[in-house]
Amino acid sequence: SQQGEEDPQALSIQEGENATMNCSYKTSINNLQWYRQNSGRGLVHLILIRSNEREKHSGRLRVTLDTSKKSSSLLITASRAADTASYFCAPGGMEYGNKLVFGAGTILRVKS
Amino acid sequence: DAGITQSPRYKITETGRQVTLMCHQTWSHSYMFWYRQDLGHGLRLIYYSAAADITDKGEVPDGYVVSRSKTENFPLTLESATRSQTSVYFCASSDGGNYGYTFGSGTRLTVV
């Protein structure tokens, strides 16, 4: 399968807490991307990490990549109710034919 | 406005009818994609295009037809709609390589 697999399937936390989502994939990558989808909306690109990078930050988001374990994690710090959404990872690159295949995602609920 | 637009936003059609979903992007991105999203299945790739006049099948192409005569447009046609094609359809575009996708707002299609 070319898709990333997110874990857990669902996550419920209190506002202010950190949220960690994990992603595993099967073949070599050029990059791995994370997306957010608010209910009823299109996906929004959050961050792209290249295969030669180990960590990347964007605001309250921190993404790590371990190519030896074929895994990535997305950390959202100091979560807010507005972070409530589904989060998807997608491995990318030539092995994937420059197309992204999405898994089922992680549903994050942030309670205020 | 610059961006990627899908039309219509909502569509109800009858079984057996032909229906076309439109997708238009203003960035001259090389790659364009069509996904469908159903509860329990995440996003599934229907068709994609690497450039004008170049299209290829994704995971679930049966019952769909695409064309790309111009870089900015990538219409998706359901030749004879079936109830199983009731779904939310998302169009996306990308420059390829190490760049993220930009998604449209989606078309919610109901086949009755």
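Below or above, wherever it landed, is the structure these notes cover. Source: prediction; values computed, not measured.

## Remarks on the overall build of chain B
So, step 1. Across its full length, chain B holds 0 helices and 11 strands.
So, step 2. Ordered by position from the N terminus, the helices and strands of chain B form the series β-β-β-β-β-β-β-β-β-β-β.
So, step 3. In terms of overall dimensions, chain B is globule-like: its C-alpha atoms have a radius of gyration of 13 Å, near the 13 Å expected for 112 residues.
So, step 4. By its C-alpha atoms, chain B is 40 × 30 × 30 Å across when sized along the principal axes.
So, step 5. Per-residue burial over chain B gives 46% buried out of 112 residues.
So, step 6. Carbon together with sulfur atoms contributes 46% to the accessible area of chain B, which is approximately 5400 Å² in total.
So, step 7. Chain B carries 10 positive and 10 negative side-chain charges, and their two centres are separated by 8 Å.

## What to know about the interface of chain B and chain A
So, step 1. Listed per partner, the contact involves 19 residues of chain B and 21 residues of chain A.
So, step 2. Note on chain B versus chain A: buried area summed over both sides is about 1600 Å², and carbon and sulfur give 52% of it.
So, step 3. For chain B, the biggest contributors to the area lost against chain A are Leu43, Asn98 and Tyr101 of chain B; these three give 34% of the whole.
So, step 4. Run the count over chain B and chain A and you get 0 salt bridges.
So, step 5. Contributions of two or more residues to the side of chain B that touches chain A are made by β4 (31-38) and β5 (42-51) of chain B.
So, step 6. Split by residue class, the side of chain B that touches chain A holds 10 nonpolar, 7 polar and 2 charged.

## Digging into the state of the cysteines
So, step 1. Counted according to the given criterion, the structure contains 2 disulfides over all chains.
So, step 2. The disulfide partner of Cys23 of chain A is Cys89 of chain A, and the S-S distance across this bridge is 2.0 Å. Residues Cys23 of chain A and Cys89 of chain A are joined through a disulfide that is right-handed, its torsion about the S-S bond being 70°. One end of the pair, Cys23 of chain A, is in strand β3 (residues 19-24); the other, Cys89 of chain A, is in strand β9 (residues 85-92), with 66 residues separating them in the sequence. Summarising the burial analysis for this pair, Cys23 of chain A and Cys89 of chain A share the class buried.
So, step 3. The disulfide partner of Cys23 of chain B is Cys91 of chain B, and the gap between their sulfur atoms is 1.8 Å. Taking the torsion about the sulfur-sulfur bond, which here is approximately -75°, the covalent link between Cys23 of chain B and Cys91 of chain B counts as left-handed. One end of the pair, Cys23 of chain B, is in strand β3 (residues 19-25); the other, Cys91 of chain B, is in strand β9 (residues 87-94), and 68 residues separate them in sequence. Across the pair, exposure class does not vary: Cys23 of chain B and Cys91 of chain B are buried alike.

## Looking at the sheet that holds strand β7 (residues 61-66) of chain A
Residue and element names in this part refer to chain A.
So, step 1. One open sheet accounts for 5 strands, arranged β1-β3-β8-β7-β6; its pairing is antiparallel. Only two strands of the sheet have a single partner each, and these edge strands are β1 (5-7) and β6 (55-58). Adjacent strand axes in the sheet meet at a mean angle of 20°, parallel and antiparallel pairs treated alike.
So, step 2. In the sheet, β6 pairs with β7 via 4 bridges, with the strands oriented antiparallel. Each residue of the ladder has a partner; that of His57, found in β7, is Arg62.

## Points about unusual backbone geometry
In most cases, non-glycine residues show a negative phi, while peptide bonds are predominantly trans.
So, step 1. Omega for the bond connecting Asp7 of chain A with Pro8 of chain A falls within 30 degrees of zero, at 0°, which places this linkage in the cis form.
So, step 2. Its place among the elements puts Pro8 of chain A in the loop between β1 and β2 (10-14).
So, step 3. Each neighbour pair has its own omega, and for Ser7 of chain B with Pro8 of chain B the value is -5°, a cis peptide bond.
So, step 4. Structurally, Pro8 of chain B can be placed in the loop between β1 (4-7) and β2 (10-13).

Conventions adopted
In every chain, residue numbers begin from 1 and rise along the written sequence. Note on labels: chains are lettered from A, ligands numbered from 1, in written order. Under the rules for a predicted model, residues below a pLDDT of 70 receive no local features and side-chain atom pairs below 80 are neither given nor counted, while totals for whole chains, interfaces and linings still include all residues. Only heavy atoms go into the side-chain values, all of them from the structure, while hydrogens and water stay out. The secondary structure listing takes helices from DSSP runs of H or I that are at least 4 residues long and strands from runs of E that are at least 2 residues long, numbered from the N terminus. Note on method: radius of gyration uses C-alpha positions; expected globular size equals 2.2 Å times residues raised to 0.38. Exposure classes here rest on a 1.4 Å probe applied to the protein chains alone. A residue is buried below 20% of its type maximum, exposed above 50%, and partly exposed in between. Only the protein chains shown count as cover for residues, with accessible areas throughout obtained via the Shrake-Rupley method and a probe of 1.4 Å. All tallies of charge rest on Lys and Arg as positive and Asp and Glu as negative; His and the ends of each chain are not included. Taken as the charge location is NZ of Lys, CZ of Arg, CG of Asp or CD of Glu. A contact between two residues is defined here by any heavy atoms of the two lying within 4.5 Å. Defined in terms of a 1.4 Å probe, buried area is the accessible area two parts forfeit on being brought together, summed over both. Salt bridges are defined as contacts in which a side-chain nitrogen from Lys or Arg sits within 4 Å of a carboxyl oxygen from Asp or Glu. Classification convention: Asp, Glu, Lys, Arg as charged; Ala, Val, Leu, Ile, Met, Phe, Trp, Tyr, Cys, Pro as nonpolar; all other residues, Gly among them, as polar. A pair of sulfur atoms, both from cysteines and within 2.5 Å, is called a disulfide here. In short, DSSP must find at least two bridges between two strands for them to pair. In this analysis, axes come from line fits to C-alpha atoms, helices being fitted only over the stretch in contact, and the angle between any two N-to-C directions falls in the range 0 to 180 degrees.

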